[in-house]
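Overview (structure and organization)
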Amino acid sequence: MTSLQLAEPESRTLADRVCREIVTAIIKGDIPPGQKISEPELARTYGISRGPLREAIRRLEGLRLVVRIPHVGARVVSLSAGELIEIYHVREAMEGMACRLAAQNMTDAEINSLRALLDEHEQSLEQTDGRSYFQKEGDLDFHYRIVQGSKNTKLQELLGGELYHLVRMYRYQFSVSSSRPVRALGEHRHIVEAIAARDGELAEMLMRRHISAARRNIENKLKINEE
C-alpha cells in the first residue's frame, strides 16, 4: 500500500471530524448566519490543513449550511424570514404526519428509548438553567427519532435529508430564550405519551401545535428585531 493510499483515509477522517465540529458551531450560532467562511482562520481553529478543510467545506455545502456566492466566496447560509416561515409550515404538516405514523409503527422498545432520550435532554437543559435546548444530531435528536419511527422512507428522506441541519440550526437558535426550551421539552413528553397510547390523531395534533408554537416564537423574535 502506498503512502498516498494511507493518507487518503486519514484525510477523510480529518474532514469528517472537522465537518462535525463546524456543523455544531453553525447550529449553535458560534459561526453565525451570513458570516464569510475564512479557510485560514478555520484551519488555525481546528488544527487542520487546507486540503481536508476544503473537503469539510464541500460537505457543509452539501448539507446546505454553507453557500458559495460568485466573486464573494463561501458563507454560512442565511434564510430570509419568508423562507424560514415556509420551512416551518412544511415541518408542521410533515412532522405531524410522521407522529401519526409513529403511533402506529414504533415498537414499545423504541418508545421507551425515546422517553429515556428526553430524560437525557432534561439533564442537559438543567445544566443551562433552561436557557437552551441543544440536541445532537441523528439518534440523539427527538425530531429525527420521530421521523425514523414513522417507518416512512419518503418522510425520512425529506426531513432527514438536505433540510435536516438547516432546520436544526434555526430550531436551536430561535429556541434560546427564557421559557421556550422548557416548554419545548414538556411538549415533547406529551407527544411521546400520545404515541405510547397509540393515539395517532392526538400525536399529530400535538406535534403540529408544537411546531406552530416554535414558528410563532420565531415570528415574534423577527418582529422584535425589525423594530
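Quick caveat: nothing in here was measured; it's all calculated off a predicted structure.

Rules behind the numbers
- Residues numbered from 1 in each chain as written.
- Predicted model: local features only at pLDDT ≥ 70, side-chain atom pairs only at ≥ 80, totals over all residues.
- Heavy atoms only, no water.
- pLDDT = per-residue confidence, 0-100.
- Contact = heavy atoms within 4.5 Å.
- Axes fitted to C-alpha atoms, helices over the stretch in contact; angles between N-to-C directions.
- Helix = DSSP H or I, 4+ residues; strand = E, 2+ residues; numbered from the N terminus.
- Parallel < 35°, antiparallel > 145°, perpendicular 65-115°, else oblique.
- Nonpolar A, V, L, I, M, F, W, Y, C, P; charged D, E, K, R; others polar.
- Salt bridge = Lys/Arg side-chain N within 4 Å of Asp/Glu carboxyl O.
- Buried < 20%, exposed > 50% of the residue type's maximum accessible area, 1.4 Å probe, protein only.
- Pairing = 2+ DSSP bridges.
- Polar contact = N/O pair within 3.5 Å; in protein donor to acceptor, adjacent residues only side chain to side chain.
- Patch = residues over 30% accessible without salt bridge, like charges linked within 9 Å, V, L, I, M, F, W, Y side chains within 5 Å.
- Areas by Shrake-Rupley, 256 points an atom, 1.4 Å probe, with all protein chains shown as cover.
- Left-handed = near helix turned anticlockwise from the far one by under 90°.

**Regarding the confidence of the model for the protein chain**
Taken over all residues, the pLDDT of the protein chain has a mean of 83, while the share at 70 or more is 85%. Scored below 50 in pLDDT, residues 1-9 shows 1 contact in the model against residues more than four places distant or in partner chains.

**A few points about the packing of helix α2 (residues 39-46) against helix α3 (residues 50-62)**
Geometry of a packed helix pair, given as the angle between the helix axes and the separation of the axes. The interhelical angle for the contact between α2 and α3, taken along N-to-C directions, is 105°, at an axis separation of 10 Å. Between α2 and α3, the angle falls in the class roughly perpendicular. Contacts between α2 and α3 involve Glu-39, Pro-40, Leu-42 and Ala-43 from the former and Arg-50, Leu-53, Arg-54 and Ile-57 from the latter. For the contact of α2 with α3, the per-class residue count stands at 5 nonpolar, no polar and 3 charged.

**Brief notes about the pattern of salt bridges**
Throughout the structure, instances matching the rule amount to 18 salt bridges. Across the salt bridge formed by Arg-189 and Glu-122, the nearest N and O atoms sit 2.8 Å from each other. Note that Arg-189 is positioned in helix α9 (residues 180-196) and Glu-122 in helix α5 (residues 108-127), a separation of 67 residues in sequence. Across the pair Glu-157 and Lys-154 runs a salt bridge, and its minimum N-O distance is 3.7 Å. Here the residue Glu-157 and the residue Lys-154 both occupy positions in helix α7 (residues 153-160), the gap between them amounting to 3 residues, near one helical turn. What makes Glu-157 partly exposed here is its relative accessible area of 48%. The exposure class assigned to Lys-154 is exposed, which follows from its relative accessible area of 54%. Within the structure, one salt-bridge network assembled from shared partners comprises Asp-16, Glu-55, Arg-58 and Arg-59.

**Here's the deal with the pairing of strand β2 (residues 73-76)**
Pairing analysis gives 4 bridges linking strand β1 (residues 66-69) to β2, with the strands arranged antiparallel. Bridging from a neighbouring strand, Ile-69 pairs with Gly-73 of β2.

**Overview of the environment of Arg-91**
Within the secondary structure layout, Arg-91 lies in helix α4 (residues 81-105). You can call Arg-91 buried: its relative accessible area is 3%. Spatially, the C-alpha atoms of Arg-91 and Val-167 are 8.9 Å apart, while their sequence positions differ by 76 residues. With near-sequence residues (within four places) excluded, Arg-91 lies in contact with Gly-96, His-143, Val-167, Arg-171 and Ile-211. A distance of 2.7 Å separates a polar atom in the side chain of Arg-91 from a polar atom in the side chain of Glu-95.

**What about a nonpolar patch on the surface?**
Together, Val-67, Ile-69 and Val-72 make up an exposed nonpolar region whose accessible area comes to about 180 Å². As for its position among the elements, Ile-69 is in strand β1.

**Re helix α6 (residues 142-149)**
Of all 8 residues making up α6, 6 are buried, and the element is well covered by its neighbours. At the N-terminal end of α6, a side-chain oxygen is found 3.0 Å from the backbone nitrogen of His-143, two or three residues along, and the residue is Asp-141. Positive backbone phi, approximately 60°, marks Lys-151, located one or two places after α6.

**Brief notes about the packing of α4 against α7**
Two elements in contact, α4 and α7, have axes separated by 11 Å at closest approach and are oriented at 140°. In terms of orientation, α4 lies oblique with respect to α7. In the crossing of α4 with α7, the sense of the turn from one axis to the other is left-handed. On α7, the residues that touch Met-94, Glu-95, Met-97, Ala-98 and Leu-101 of α4 are Leu-155, Leu-158 and Leu-159. Tallied by class, the residues present in the contact of α4 with α7 amount to 7 nonpolar, no polar and 1 charged.

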